[in-house]
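The primary structure of each chain is shown beneath.
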Amino acid sequence: MQTAKEKIKNMLSAAKVHVTMCKAMAEEKAEKAAARTKEEKEMARQRRKAKEAKAMMELHNAKANHAAQKFKAKQLRLYGHQPVGTTAPTAVATTAPPYPVEVHDTVSKY
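The structure contained in this document is the topic of the report that follows. The structure presented is a predicted model; accordingly, all values stated were derived computationally and were not measured.

Examining the overall build of the chain
Inference 1: Scanning the chain for helices and strands turns up 2 helices and 0 strands.
Inference 2: Looking at the 110 residues of the chain, the share that counts as buried comes to 14%.
Inference 3: Nonlocal contacts in the chain, meaning residues at least 24 apart in sequence, comprise 74% of its contacts between residues at least 6 apart.

Considerations on the environment of glutamate 52
Inference 1: With respect to the helices, strands and loops of the structure, glutamate 52 is situated in helix H2 (residues 38-79).
Inference 2: Judged by relative accessible area, which is 14%, glutamate 52 ranks as buried.
Inference 3: Beyond its immediate sequence surroundings of up to four residues, glutamate 52 is in contact with Met21 and Met25.

Considering the environment of alanine 73
Inference 1: Considering the arrangement of structural elements, one finds alanine 73 in helix H2.
Inference 2: Take alanine 73: its relative accessible area is 23%, and that puts it in the partly exposed class.
Inference 3: Sequence-wise, alanine 73 and glutamine 2 are 71 residues apart; in three dimensions their C-alpha atoms are separated by 7.3 Å.

A word on the pattern of salt bridges
Inference 1: Taken as a whole and judged by the stated rule, the model has 7 salt bridges.
Inference 2: With a shortest N-O distance of 2.5 Å, glutamate 28 and arginine 48 are connected by a salt bridge. Of the two residues, glutamate 28 is situated in helix H1 (residues 2-34) and arginine 48 in helix H2; the sequence distance between them amounts to 20 residues.
Inference 3: Taking the shortest distance from any N to any O, the salt bridge between glutamate 31 and arginine 47 comes out at 2.7 Å. Placement of the pair is glutamate 31 in helix H1 and arginine 47 in helix H2, with a sequence separation of 16 residues.

Side note on the side chain of arginine 48
Inference 1: Residue class for arginine 48 comes out buried when judged on its relative accessible area of 16%.
Inference 2: Once residues within four sequence positions are removed from consideration, arginine 48 is found in contact with Ala24, Met25 and Glu28.

Reading the values: rules and limits
Residues numbered from 1 in each chain as written. Predicted model: local features only at pLDDT ≥ 70, side-chain atom pairs only at ≥ 80, totals over all residues. Heavy atoms only, no water. Helix = DSSP H or I, 4+ residues; strand = E, 2+ residues; numbered from the N terminus. Buried < 20%, exposed > 50% of the residue type's maximum accessible area, 1.4 Å probe, protein only. Contact = heavy atoms within 4.5 Å. Salt bridge = Lys/Arg side-chain N within 4 Å of Asp/Glu carboxyl O.

Scope: geometric values only; no functional claims are made or implied.
Have a look at this one:
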């Protein structure tokens, strides 16, 4: 179940990146149309590349977070809901030995 959730979250993150890249391309086209010099067009291209790189970085961060959530959910399922290392181990104090004690009579019955 956690794997399916992770895949869906990754797909949603990828879709968000795709939308961001499309917006960056549209903004670049608008800037290039308004640009008068070659340098202004190059600046528009560099802005688009920076926005795409930022979107890809966010995608990789999101994927890492999704994997961490999946791992945490699996750990909780395997080891219970108490985080590891939050309580001190409890020592079981026994006063009786764990094996049955036999009493031997020294007086013979015969």
